[in-house]
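# Chain and residue survey
In case you want the letters, here they are:
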Amino acid sequence: MEGREREIMILGAGIGGLRVALRLEKRLKRGMGRIILVDQNDYHQYLYRIHEVCGPHYDERDIIVPLSKVIGGKRIEFRRMRVERIDAHRRVVITSEGEMPFDILVIALGSSPQYYGIEGLEENSLVLNSYEAAREIRRRIEELFREAGRGETPPRIVVAGGGFTGTELAGELAEWIPTLIEGYGLRRPDSLLTLVEAMPHILPGWNPELSRMAEEILASKSVEIVTGDPVKRASREGLELKSGRMIHSDLTIWTGGVTCNRAVGGDFEMVKGRIRIDDYCHAWGYEDIYVVGDASCALDGETGKPLPPSAHIAMAQADVVSHNIYASITGGEMRRYVGERVGEIVTLGRRHAIGELWGIRMKGLTARVMKKLIHLWYVHSIGGVKLLLGDP
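As a starting point, this report considers the structure included with it. Please read all numbers here as calculations on a predicted model, not as lab measurements. (Residues numbered from 1 in each chain as written. Predicted model: local features only at pLDDT ≥ 70, side-chain atom pairs only at ≥ 80, totals over all residues. Heavy atoms only, no water.)

### Some remarks on the overall build of the chain
For clarity, the cut-off: By the criteria applied, helices consist of DSSP H or I runs no shorter than four residues and strands consist of E runs no shorter than two, each listed in order from the N terminus. The quantity called the radius of gyration is restricted to C-alpha atoms. Its globule counterpart is 2.2 Å times the number of residues to the power 0.38. Here the term buried applies to any residue with accessible area under 20% of the maximum for its type, exposed to any over 50%, and partly exposed to those in between, with areas from a 1.4 Å probe on protein chains only. Contacts between residues were defined by any pair of non-hydrogen atoms, one from each residue, lying within 4.5 Å. Computed by Shrake-Rupley with a 1.4 Å probe, the accessible areas treat only the displayed protein chains as cover when residues are assessed. The charge count treats Lys and Arg as positive and Asp and Glu as negative. His and the chain ends do not count. Just so you know, the charge point we use is NZ for Lys, CZ for Arg, CG for Asp and CD for Glu.
When helices and strands are counted, the chain shows seven helices and 26 strands. For a compact globule of 392 residues, the expected C-alpha radius of gyration is about 21 Å, and the chain comes in at 22 Å, within 12% of that figure. Projected onto its principal axes, the C-alpha positions of the chain cover 75 × 45 × 45 Å. Taken across its 392 residues, the chain has 52% of its residues classed as buried. Considering only contacts within the chain whose residues lie at least 6 apart along the sequence, 66% involve residues at least 24 apart. Here the chain has roughly 18,500 Å² of accessible surface; of this, 48% comes from carbon and sulfur atoms. Looking at the chain, you have 52 positive and 54 negative side-chain charges, and the mean spots of the two groups are 3 Å apart.

### Quick look at the packing of aromatic side chains
What counts is decided by this rule: Two rings from Phe, Tyr or Trp (for Trp, the six-membered ring) form a pair when their centres are within 6.5 Å of each other. A pair whose planes differ by under 30 degrees is stacked, one over 60 is edge-to-face, and the rest are tilted.
Applying the stated criterion across every chain yields a total of seven aromatic pairs. Measuring from ring centre to ring centre gives 6.3 Å for Tyr43 and Tyr131, while their planes differ by 85°; the resulting arrangement is edge-to-face. Of this pair, Tyr43 sits in strand 3 (residues 43-45) while Tyr131 sits in helix 3 (residues 131-147), and the two are 88 residues apart along the sequence. Here Tyr43 matches Tyr131 in class, with each residue buried. A centroid spacing of 6.1 Å and a plane angle of 85° characterise the contact between Tyr46 and Tyr378, whose relative ring orientation is edge-to-face. Remark: Tyr378 occurs in helix 7 (residues 364-388) and Tyr46 occurs in the loop between strand 3 and strand 4 (64-66); sequence separation between them is 332 residues.

### What to know about the pattern of salt bridges
Heads up, the rule is: A carboxyl oxygen of Asp or Glu within 4 Å of a side-chain nitrogen of Lys or Arg is what we treat as a salt bridge.
On inspection of all chains with the given rule, the structure shows 31 salt bridges. Note that Glu143 is salt-bridged to Arg140, the shortest N-O span being 2.2 Å. Residue Glu143 and its partner Arg140 are located together in helix 3, separated by three residues, close to a single helical turn. By relative accessible area, Arg140 is classed as partly exposed at 24%. Of the charged contacts, one joins Arg351 and Glu175 as a salt bridge, the two residues approaching to 3.9 Å between their closest N and O atoms. Of this pair, Arg351 sits in the loop between strand 24 (343-347) and strand 25 (353-357) while Glu175 sits in helix 4 (residues 164-183), placing them 176 residues apart in sequence.

### Brief notes about the pairing of strand 8 (residues 98-101)
Regular strands place side chains that alternate from one sheet face to the opposite one. To keep it simple, the criterion reads: Note: two strands are recorded as paired if DSSP finds a minimum of 2 bridges between them.
Sheet analysis places strand 7 (residues 92-95) next to strand 8, joined by four bridges and oriented antiparallel. The partner of Val92 across the bridge, within strand 8, is Pro101. The hairpin formed by strand 7 and strand 8 contains two residues between the paired strands.

### Observations concerning the sheet that holds strand 11 (residues 126-127)
Heads up, the rule is: Angles run from 0 to 180 degrees between N-to-C directions of axes, and those axes are lines fitted to C-alpha atoms, restricted for helices to the stretch in contact.
The parallel open sheet is built from five strands, whose spatial order is 11-18-12-13-14. The sheet terminates laterally at strand 11 and strand 14 (223-227), the two strands that pair on one side only. Relative to strand 14, strand 13 (residues 193-197) is paired through five bridges, and the arrangement is parallel. The residue bridging Leu193 from the neighbouring strand is Val223, located in strand 14. Along the sheet, helix 5 (residues 208-220) contacts strand 13 and strand 14; its crossing angle with strand 14, the most-contacted strand, is approximately 140°.

In structure tokens, the structure reads:
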């Protein structure tokens, strides 16, 4: 590879993939590497905000940004195409537009829903894993309310999976549904929607006190919470739980788990549905293939247990990967990735938020302001002041 410009292919323009591309573009001199960013969409998604699409009102500019506003004028080649499979042994990526060879590959394709083999679940539920998926949920809910007769009971909505995504979605829906009930002249039920979680509490693995606080806030918003009862079967009528209880539903939204994007293929060693990585974020056994974000199985540096996917992990891994790619080209020292839990802030609609960052617990206005500041910091990190101010 001496004397030849490396083909550095980055699959996915999400938080991790875009950050790798931007960081490499700043570090690599001309002739050192050709950065190719591949994604099926021509926009970048703030995935940590997509639940807001299912709230009373949202602004598309708060959820997505055209990639042209972020990488325009930079030495990053964007290819809009769908990744169908990675052939690691042949060192090619099979896309909707044909095969593309690579010298260095970064897998940042995100995740696909994990259905755990639950009968009927995939066929009878929607998922919240992209901006388009969020829009489809919103469209379907509006359709159901529109079809309901005036004076009748509103459609029954069930969110199955009480992790961060499901809990934040429930908070948004609990503020939007009353508006729909009033707008379509429907009778208000005791419960606006149901949130189902297999574990004893929602937000499993998080601070137990904060989890209970989230349950109390959602309950005050008329969200029925069912915990400690996994989904056994799904149908058009609703969900059958392990206990035998039947929860009737007109729309089920599955937020109960993720696995590696199916386009990754079968050439990699997997751990709990995600690609095993080494200390340098290489796919296990491959020196020129890196993995960042939801596709990777990152381990907690203290406990050794897999960390749940998060934007913070994707960014931290992206920093390590961009450094290590540069080091591999220039002969520099590689950097190790050490997984850590920084914390999380959970919004429960537009008026409530709770969280913990670096061991500092917060709630209410403080938590909401902190989450907004984190978002603004992130926007600035990818597009500078111009993107932050919304300049065309």
